Structures are given as C-alpha cells and as structure tokens.
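Read off the chains here:
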Amino acid sequence: MRRIGAAVAVLVLAGATLGTAASTAGAAPAEGSRAAAACPTGWGSGAKGGAAMGADHLEDIRTGQHECYDRIVFDVPGGGQIGYHVQYVDRFYADPSGEYIPVAGGAILDIRVGAWSYDLEAGVPTYPGEVGEPLPGVNISGYSTFRDTRFGGTSEGQTQVGLGVRARLPFRVTQLDDRVVVDVAHSWTS
C-alpha cells in the first residue's frame, strides 16, 4: 500500500512539474513576440541608397534616442526627394580631399546626403559644420548606440558625416520630403 501511495505522490508531483513547465514554455513565445514587434531587426547592415546628389541646402543635423534605436536626422527644408548613400566603412575619409578623419566607436557609418551645407550664391554656410570636427549642437553622450560624430564636409551637392557607433549594427534610412533619417538599432536582436 505504501508503494502505491508513493507512486501516486510521484505521479502527482511529476504532473505538477510538467504543467508548470508547459505553462512557462507557453508564455515564453508570447513574451518574445511582443518584444520582437516592439523592436524590428530586419534592417540589415548593408549599404543603402544611391547617388547622394541634391541642390537644396542642409540646415540642421539633430539626433534622438528611442527605445530600440538611436536616430540622426538631416533637415533639408524644401529639399523634395533628397538623395542619400549610407554604408559602413573601415576608415572615414572626407570626400573629395581624401583626408582621413578619425571617428570613435566600434564601427563607422559614412553618411552622404544630397544637400549643400554652404550657399554658393550667398557665400555663407547653411550648416556650421567644420571638417573633422564633431557636429555642432549634437550631444550624443549617454546614447545606447552612437559614440561619435564627425563632419566630413560638403562637395558637389552632397554633405558627408562620419557616425561612430558601438558596433556594426543594423540600420535603416527613411527619405522624406524635407529630411533624411538614419536609425541604428541598439542590437541585432532588440
């Protein structure tokens, strides 16, 4: 009789353990799918865009932090469809001079936007960046992904920026009528 009682007790405990494991396993995918929906990761890290040519003027570069990514925005009021080209590079060189500009971080995004940062007719800058220097007015301290910004200059209808990031992470580029937006994910799995 004791053996039957012990066997029943073992079966009851085993059933309770399996039930707990099943309910925990069932909860895990739902939690994971909510996180995946909140932070998409299908952006990839390959080059994006085409020719970064333009005729309008860059007026501002600003950044922001979001739950899943850090963002840099290039404001070109009246720019229409602004061309861009964004890609990871091993070293950042100003175009067309070829001057090497050190950029801190585990990886470097070379961002080219089809907009002048200098008004040739008026002879004045429309954006106050200086080649090789951090972007004026942009403070990225405390960001999850961004580590450094460097102005590469403006030439032949395009402005160039070196963006230092923590690692070679997925990014996306959104082209709007008056700006180009680059988002860099906090991780590959966020």
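Residues numbered from 1 in each chain as written. Predicted model: local features only at pLDDT ≥ 70, side-chain atom pairs only at ≥ 80, totals over all residues. Heavy atoms only, no water.

## Some words on the packing of aromatic side chains
Inspection of the entire model under this criterion finds five aromatic pairs. Considering the side-chain rings of Y93 and Y100, the 5.7 Å spacing of their centres and the 55 degrees angle between planes classify their relative orientation as tilted. Of the residues examined, Y93 reaches a relative accessible area of 36% and is grouped as partly exposed. Across from the ring centre of F171, 3.8 Å away, lies the NZ or CZ of K48, which sits over that ring. When the ring centre of Y69 is taken as reference, the NZ or CZ atom of R172 above it lies at 5.1 Å. (Phe/Tyr/Trp six-rings, centres within 6.5 Å; stacked < 30°, edge-to-face > 60°. Buried < 20%, exposed > 50% of the residue type's maximum accessible area, 1.4 Å probe, protein only. Lys NZ or Arg CZ within 6 Å of the ring centre and 35° of its normal.)

## Some remarks on the pattern of salt bridges
Taken as a whole and assessed by the stated rule, the structure comprises seven salt bridges. Its salt-bridge partner being D110, residue R112 comes within 3.1 Å of it at the nearest N-O pair. Taken individually, R112 and D110 each receive the classification buried, so the pair is uniform in this respect. For R172, the salt bridge is made with D183, and the minimal N-O distance between the two is 2.8 Å. Of the two residues, R172 is situated in strand β10 (residues 171–175) and D183 in strand β11 (residues 179–185); the sequence distance between them amounts to eleven residues. On the basis of relative accessible area, D183 is assigned to the buried category, the value being 0%. (Salt bridge = Lys/Arg side-chain N within 4 Å of Asp/Glu carboxyl O. Helix = DSSP H or I, 4+ residues; strand = E, 2+ residues; numbered from the N terminus.)

## Focus on the state of the cysteines
Going through the model one piece at a time under the given rule, you end up with one disulfide. Between the sulfur atoms of C39 and its disulfide mate C68 the distance is 1.8 Å. Its S-S torsion of about -65 degrees marks the bond between C39 and C68 as left-handed, since a negative value means left-handed. You can see C39 sitting in the loop between α1 (2–38) and β1 (48–49) and its partner C68 sitting in the loop between β2 (60–65) and β3 (69–75), a full 29 residues away along the chain. By the burial criterion, C39 is buried, and C68 matches it. (Disulfide = S-S within 2.5 Å.)

## Details of the sheet that holds β3
Strand order in this open sheet of four strands is β2-β3-β11-β10, and the pairing throughout is antiparallel. Each edge of the open sheet is held by one strand with a lone partner, namely β2 and β10. Each strand axis lies, on average, 15 degrees off the axis of its neighbour in the sheet, ignoring direction. (Pairing = 2+ DSSP bridges. Axes fitted to C-alpha atoms, helices over the stretch in contact; angles between N-to-C directions.)

## Some remarks on the side chain of T145
Considering the arrangement of structural elements, one finds T145 in the loop between β7 (124–125) and β8 (146–155). Relative accessible area serves as the criterion here: at 0%, T145 is assigned to the buried category. Of note is the side chain of T145, whose polar atom sits 3.3 Å from the backbone oxygen of A185. Non-local contacts of T145, meaning those with residues more than four positions away in its chain, are made with D70, G164, V165, R166, L169, V184, A185 and H186. (Polar contact = N/O pair within 3.5 Å; in protein donor to acceptor, adjacent residues only side chain to side chain. Contact = heavy atoms within 4.5 Å.)

## Things to note about the environment of G142
The residue G142 is located in the loop between β7 and β8 in this model. Along the primary structure G142 and Q65 are separated by 77 residues, whereas in three dimensions their C-alpha atoms are 9.3 Å apart.

## Some words on the confidence of the model for the protein
On average, the protein scores 83 in pLDDT, and the residues at 70 or more come to 79%. Within the protein, no element has a lower average pLDDT than α1, which sits at 42, and none a higher one than β2, at 98. Across residues 1–37, confidence stays below pLDDT 50; counting only partners more than four residues off in sequence or on other chains, it has zero contacts. (pLDDT = per-residue confidence, 0-100.)

## A look at the nonpolar core
Grouped together as the largest cluster of nonpolar side chains are 30 residues, with contacts concentrated most on I72, F74, I111, V182 and V184. When contributions to this core are tallied by element, the ones reaching two or more residues are β3, β4 (84–89), β5 (107–113), β8, β9 (158–165), β10 and β11. No other element matches β5, which puts four residues into this core. Once residues within four sequence positions are removed from consideration, V184 is found in contact with W43, Y69, D70, Y88, L109, T145, F146, L163, V165, L169, P170 and F171. By size, the runner-up hydrophobic cluster in this structure holds six residues, among which are V89, F92, A94 and I101. (Core = buried A, V, L, I, M, F, W, Y, C linked by side-chain atoms within 4.5 Å.)

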